[in-house]
Amino acid sequence: MAELAEAAGITVRTLRYYRERKLIPPPRREGRVAWYGDHHLARLRTVATLLERGHTLGGIAELIAAFEGGRGVAELLGLGGAITVPWSRETLVRLSPGELLDHFAGEATPENLAASLDIGYLAVDGEELVHVSRRLLDVSRRLVREGVPLPAVLAAGREIRVHADALAATFAALIREHVLAGLPAGAAEGAPPSPEEIERMTRTLDKLRPMARTVVEAEVTMAMDRRVRTELRSWLGEE
């Protein structure tokens, strides 16, 4: 593993993380010895190239799974990354168990850790923990410091994830029906998208990303205004 990491120009810790994410195939085993070969190195170089093009590790894993399943990944990659450019702007945060305890003193219980892993906020990388979003980590920590129990924060995060997935499905339907219209039929006939189509989709998707963030922020903040007014009227009535 150390020799493969050195050849690929990455750390052994990063290689372990890639292996856990199934970005490289398992090694060949001979007893207790694990052997890596040229095909593992080639895969790591492919991952590095895709990361440079703006793909996320999750997106790369999906592309690899599609490739290994015989689906049309080549056509997808031919779009110049227009579809798979990340919409999020999140930064991974690596934490030791001690640092996690510092963030959530008294709340970093095995139950809360298991819930965070189940939701997908945390992942295990060797002896470290990886949080998917610095912003979500900071907000969670601040909520706990304001007196909101961490189990309640995690339960709210799980519920918000459901609604966020529904919002993403709505935007994805718009893109599928109005931006990518006609592409599936063309691909089925063996006709790859033209450079003009790729350029049009790239420009449209680049415009849609900030629009989606604006719509979600506007709707959520207006919904909070409505909810606060309702709660206030209810509280005054009870008083």
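Thresholds applied
Residues numbered from 1 in each chain as written. Predicted model: local features only at pLDDT ≥ 70, side-chain atom pairs only at ≥ 80, totals over all residues. Heavy atoms only, no water. Helix = DSSP H or I, 4+ residues; strand = E, 2+ residues; numbered from the N terminus. Buried < 20%, exposed > 50% of the residue type's maximum accessible area, 1.4 Å probe, protein only. Core = buried A, V, L, I, M, F, W, Y, C linked by side-chain atoms within 4.5 Å. Contact = heavy atoms within 4.5 Å. Phe/Tyr/Trp six-rings, centres within 6.5 Å; stacked < 30°, edge-to-face > 60°. Lys NZ or Arg CZ within 6 Å of the ring centre and 35° of its normal. Axes fitted to C-alpha atoms, helices over the stretch in contact; angles between N-to-C directions. Parallel < 35°, antiparallel > 145°, perpendicular 65-115°, else oblique. Left-handed = near helix turned anticlockwise from the far one by under 90°. Nonpolar A, V, L, I, M, F, W, Y, C, P; charged D, E, K, R; others polar. pLDDT = per-residue confidence, 0-100. Pairing = 2+ DSSP bridges.

Before we go on, may I ask you to explain unusual backbone geometry in this structure?
Backbone phi values are negative for most residues with the exception of glycine, while trans is the configuration of most peptide bonds. One non-glycine residue, K22, adopts positive backbone phi at about 60°. The residue K22 is located in the loop between α2 (12–20) and β1 (28–30) in this model. A relative accessible area of 67% places K22 in the exposed class.

Just to check I follow, could you spell out the nonpolar core for this structure?
One recurring pattern in soluble globular proteins: nonpolar side chains tend to sit buried together. Formed by 18 residues in total, the largest nonpolar core has its most connected members in Y18, L23 and V47. Taken together, the elements giving at least two residues each to this core come down to α1 (2–8), α2, α3 (38–52) and α4 (57–68). For this core, the element with the highest residue contribution is α4, accounting for five residues. Those residues in contact with V47 that sit more than four places away from it in its chain are Y18, L23, L57, I60 and I64.

Would you explain the packing of aromatic side chains in this entry?
All chains considered together, the criterion is met by zero aromatic pairs. Of note, R94 hangs over the ring of Y17, and the distance from its end group to the ring centre comes to 5.4 Å.

Help me understand the packing of helix α7 (residues 110–119) against helix α9 (residues 150–179), please; the structure alone is not making it clear to me.
For any two helices packed against each other, the geometry is given by the interaxial angle and the distance between the axes. Running from N to C, α7 and α9 cross one another at 15°; their axes reach a closest spacing of 10 Å. Accordingly, the angle class assigned to the pair α7 and α9 is roughly parallel. Once α7 is placed against α9, the crossing between them reads as left-handed. Only L150, P151, L154, R158 and R161 of α9 make contact with α7, whose side of the interface consists of N112, A115, S116, D118 and I119. The residue inventory of the contact of α7 with α9, partitioned by class, reads five nonpolar, two polar and three charged.

How should the confidence of the model for the protein be read in this particular structure?
Low pLDDT marks regions whose predicted coordinates should not be analysed in detail. When pLDDT is averaged along the protein, the result is 82; 85% of the residues meet or exceed 70. Within the model, the stretch residues 184–190 combines pLDDT values under 50 with one contact to residues more than four positions away or in other chains.

Is there a simple way to explain the pairing of strand β4 (residues 122–125) in this structure?
A regular strand places its side chains so that they alternate between the two faces of the sheet. In this sheet, strand β5 (residues 128–131) lies alongside β4 in antiparallel orientation, the contact comprising four bridges. Bridge pairing in β5 links V124 to L129. Taking the residues that link successive antiparallel strands as the turn, the β4-β5 hairpin has two residues, and the phi of G126 there is positive, at about 65°.

Help me understand the pairing of β5 in this model?
Every second residue of β5 is oriented toward a common face, with E128 and V130 on one face and L129 and H131 on the other, all of them buried. Summarising the sheet, strand β3 (residues 93–95) and β5 pair through three bridges and their orientation is antiparallel. Across the sheet, residue V93 finds its bridge partner in β5, namely H131.

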